[in-house]
Number of protein chains: 2
Amino acid sequence: MNSQSSSLLVVGSVAIDWIITPHAEREESVGGSATFFAMAASYLSGVRLVGVVGGDFPPAAVKDLRDRGVDLTGLEIIPDGKTFRWKGRYHDNMNDRDTLSTDLNVFEQFAPKLPPDYRTSDYLFLANIQPGLQEQVFTQMQRPKLVGLDTMNLWISIANPELRSVLRHVDVLTLNDEEARQLSGEHNLVKAARAVQKLGPKNLVIKRGENGALLFDRDGEMFSAPALPLEEVIDPTGAGDSFAGGFMGYLARPGVEPTGGSLRTAMIYGSVMASFCVEGFSYDRLRGLDATTIQHRFEAFSKLTNFTRASLVA
Amino acid sequence: MNSQSSSLLVVGSVAIDWIITPHAEREESVGGSATFFAMAASYLSGVRLVGVVGGDFPPAAVKDLRDRGVDLTGLEIIPDGKTFRWKGRYHDNMNDRDTLSTDLNVFEQFAPKLPPDYRTSDYLFLANIQPGLQEQVFTQMQRPKLVGLDTMNLWISIANPELRSVLRHVDVLTLNDEEARQLSGEHNLVKAARAVQKLGPKNLVIKRGENGALLFDRDGEMFSAPALPLEEVIDPTGAGDSFAGGFMGYLARPGVEPTGGSLRTAMIYGSVMASFCVEGFSYDRLRGLDATTIQHRFEAFSKLTNFTRASLVA
């Protein structure tokens, strides 16, 4: 993507993960919500990134992002600091996981400041960071056309007022089903979605891992995107962020208006990018894609869900 | 449905359940796999039922099935016996459940014998009963066009050779995901499906409750049918059997060939009937439907999954 179309901005974590799955382990796995988002979105739109890393962050990963055309003007490098690190172990089902350790490091003092030319970005994605920081970013923006936000159970628990504050500005919120229940206090998913929509986000995407994703849109319509059943899942880390990258990346394309129909197509591009993400550690699978390979998988989703209408009514 | 088109035969349990959900309880709830199957299928095809009940089985339930046009020639009533009874409690998520008690009663001595005119049925569904009995039924049939079968974790454990024997005759097997893993010994669902298909069933339907259902067909294609997110789930009992009823009922309709495309449409009719089933205790919601109401919900599934194709490739 050329830089003229770089109007999609992501703010989030850039990390070094230590991933343990039932089948394999990788100790220095480049990750972070902004990293996965940017890698995935880069195939659909130009992307600008805001984040922070330490001197231990591999230059090869910076190059990988640059090679994908990601604008890294907003990536702060603190030479004598250490990058945010997360260590996790996946269960046999490759869906549930335990956090073994989290070291915030340079992330602890992170106060995102947008480069001047980032502030006019039309599309903003606030990946999963402290909701107070998300709001700080939003207030630096001029007037984005569409704001997406991701969060997690931790912030719903310990930063609920800050989260509710930033949600007032959000057009599309992504959550998993447990988080939707936690935020709304409703167990039933449809009721939970309606309650969350009343907090501000007109559109809600509920991510369900290997069970796909559900969209509740501003018109009260629902859309169900399946996950592609895969023969091999290597590492689910970053699947949700890759989904968000494919989703926002499609919406940021020239000529696409973020309305009901486009949101559905965006859900499929999100699912496509998530399906690639889990096929490798880190962004291994995401970095070497091309438009034809992505389009081929989009067609696989078409095929997966396509059926012929029939009628019982004479 | 008129009796000329009654070429869909179901063999399974007819039961009285005691259902406890987090919200309500019903002590004498008519259930059983054949009951739910027949009620659901009756809107799409004629249905013949083989099963057994005791003198305690409510005549009103017999009338309900007759009113739906179900042929009950094959329903054995043992006046001084007691009907099969199951008692279960659903968890808060309305998906998992604990069996509190099972009393086989008249079912213990059940040796299904098909009335002569049943033996020429074109479509056979062997609902969840002991696999040895399922095979006994199959051997009484002349030459069905399509054989469907449902089973459960118990039979995979304690009657594995009998199950594998009857599976050789099966065209469509329905299982939930845990059962597919148990039967195949494969954790990955795609690999599990391929392994199960090698046991005989060319087509495999994996039921995932509130996450919909997956079809692996004889051509190696996959199809994902969503579940309709519902605002209120009253009682999930019978959802899988209602799915099978809608699925087989559609395939048994005149002019429908049980090939790839029709199997997909059948998956949606299955999902439609399952979605009605869970909206009431027993077959409360299933019994008062009509073609227009069913078709309306079919359209809701169309809307839920429909998206516009786009392309990244110039």
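None of these values were measured; they are calculated from a predicted model.

Thresholds applied
Residues numbered from 1 in each chain as written. Chains lettered and ligands numbered in written order. Predicted model: local features only at pLDDT ≥ 70, side-chain atom pairs only at ≥ 80, totals over all residues. Heavy atoms only, no water. Least-squares fit on C-alpha atoms with pLDDT ≥ 70 in both. Contact = heavy atoms within 4.5 Å. Buried < 20%, exposed > 50% of the residue type's maximum accessible area, 1.4 Å probe, protein only. Helix = DSSP H or I, 4+ residues; strand = E, 2+ residues; numbered from the N terminus. Pairing = 2+ DSSP bridges. Right-handed = clockwise from strand over helix to strand, strands pointing away. Buried area = accessible area lost by both parts, 1.4 Å probe. Salt bridge = Lys/Arg side-chain N within 4 Å of Asp/Glu carboxyl O. Axes fitted to C-alpha atoms, helices over the stretch in contact; angles between N-to-C directions. Polar contact = N/O pair within 3.5 Å; in protein donor to acceptor, adjacent residues only side chain to side chain.

A. The relation of the copies chain A and chain B, seen in detail. Expressed as a screw transformation, the operator carrying chain A onto chain B has a rotation angle of 180° and an axial translation of 0.0 Å, and the superposed copies differ by an RMSD of 0.0 Å. Expressed as an axis order, the relation between the two copies is that of a two-fold axis. Closest approach to the rotation axis within chain A is made by the C-alpha atom of Asn211(A), at a distance of 3.0 Å. A shared interface surface links the copies, since 100% of the contact residues of chain A are contact residues in chain B too.

B. Expanded view of the pairing of strand S4 (residues 47-54) of chain A. Residues and elements named next belong to chain A. Across the 8 residues of S4, 8 count as buried, placing the element largely inside the fold. Taken together, the 4 bridges between strand S1 (residues 8-11) and S4 define a ladder with parallel strand orientation. The residue bridging Val11 from the neighbouring strand is Val50, located in S4. One ladder, built from 6 bridges, connects S4 with strand S5 (residues 71-78); its direction is parallel. Residue Val53 lies in a different strand from S5, and its bridge partner there is Ile77. Once the chain exits S4 it traverses helix H2 (residues 59-67) before rejoining the sheet at S5, and the crossover so formed is right-handed.

C. Region of the structure containing the interface of chain A and chain B. In this assembly, 47 residues from chain A lie in contact with 47 residues from chain B. Approximately 4200 Å² of surface area, both sides summed, lies buried where chain A meets chain B, with 55% of it carried by carbon and sulfur atoms. Summed over the shared surface of chain A and chain B, the result is 4 salt bridges. The shortest N-O distance in the salt bridge between Glu221(B) and Lys303(A) comes to 3.5 Å. At the level of secondary structure, the elements contributing two or more residues to the side of chain A that touches chain B comprise helix H7 (189-197), strand S13 (222-225), helix H9 (260-277) and helix H11 (291-305) of chain A. When residues in the side of chain A that touches chain B are grouped by element, the largest group, 11 residues, is from H11(A).

D. Summary view of the sheet that holds strand S9 (residues 146-150) of chain B. Residues and elements named next belong to chain B. One open sheet accounts for 9 strands, arranged S5-S4-S1-S8-S9-S10-S11-S12-S13; its pairing is mixed. The open sheet has two edge strands, strand S5 (71-78) and strand S13 (222-225), and neither has a second partner. Across the sheet, the mean angle separating the axes of adjacent strands is 15° when strand polarity is ignored. Here strand S11 (residues 203-207) pairs with strand S12 (residues 213-216) via 4 bridges, running antiparallel. Following the sheet pairing, Val205 is matched in S12 by Leu215. Sheet strands in contact with helix H7 (residues 189-197) are strand S10 (172-176), S11 and S12, and its direction is about 50° off that of S12.

E. Structural detail: the sheet that holds strand S3 (residues 25-31) of chain B. Residues and elements named next belong to chain B. Strand order across the open sheet formed by 4 strands is S3-S2-S6-S7, with mixed pairing between neighbours. The open sheet has two edge strands, S3 and strand S7 (97-103), and neither has a second partner. Neighbouring strand axes in the sheet, compared pairwise and without regard to direction, differ in orientation by 20° on average. Note that strand S2 (residues 15-20) and strand S6 (residues 84-90) share 6 bridges and pair parallel. Across the sheet, the residue bridging to Ile19 is Gly88, located in S6.

F. The arrangement of the side chain of Ser302(B) in detail. Along the chain, Ser302(B) turns up in helix H11 (residues 291-305). Residue classification places Ser302(B) among the buried positions, given a relative accessible area of 12%. With residues near it in sequence (within four places) discarded, Ser302(B) still touches Phe307(A) and Arg309(A).

G. Quick peek at helix H3 (residues 131-140) of chain A. All names here are of chain A. The buried fraction of H3 is high, at 7 of 10 residues. Looking at H3, one finds that the buried residues are Pro131, Leu133, Gln134, Glu135, Val137, Phe138 and Gln140. Looking at the buried side of H3, the elements it contacts are S1, strand S8 (123-126), strand S9 (146-150), helix H4 (153-158) and helix H5 (160-167). The N-terminus of H3 is capped by Gln130, whose side-chain oxygen sits 2.6 Å from the backbone nitrogen of Gly132.

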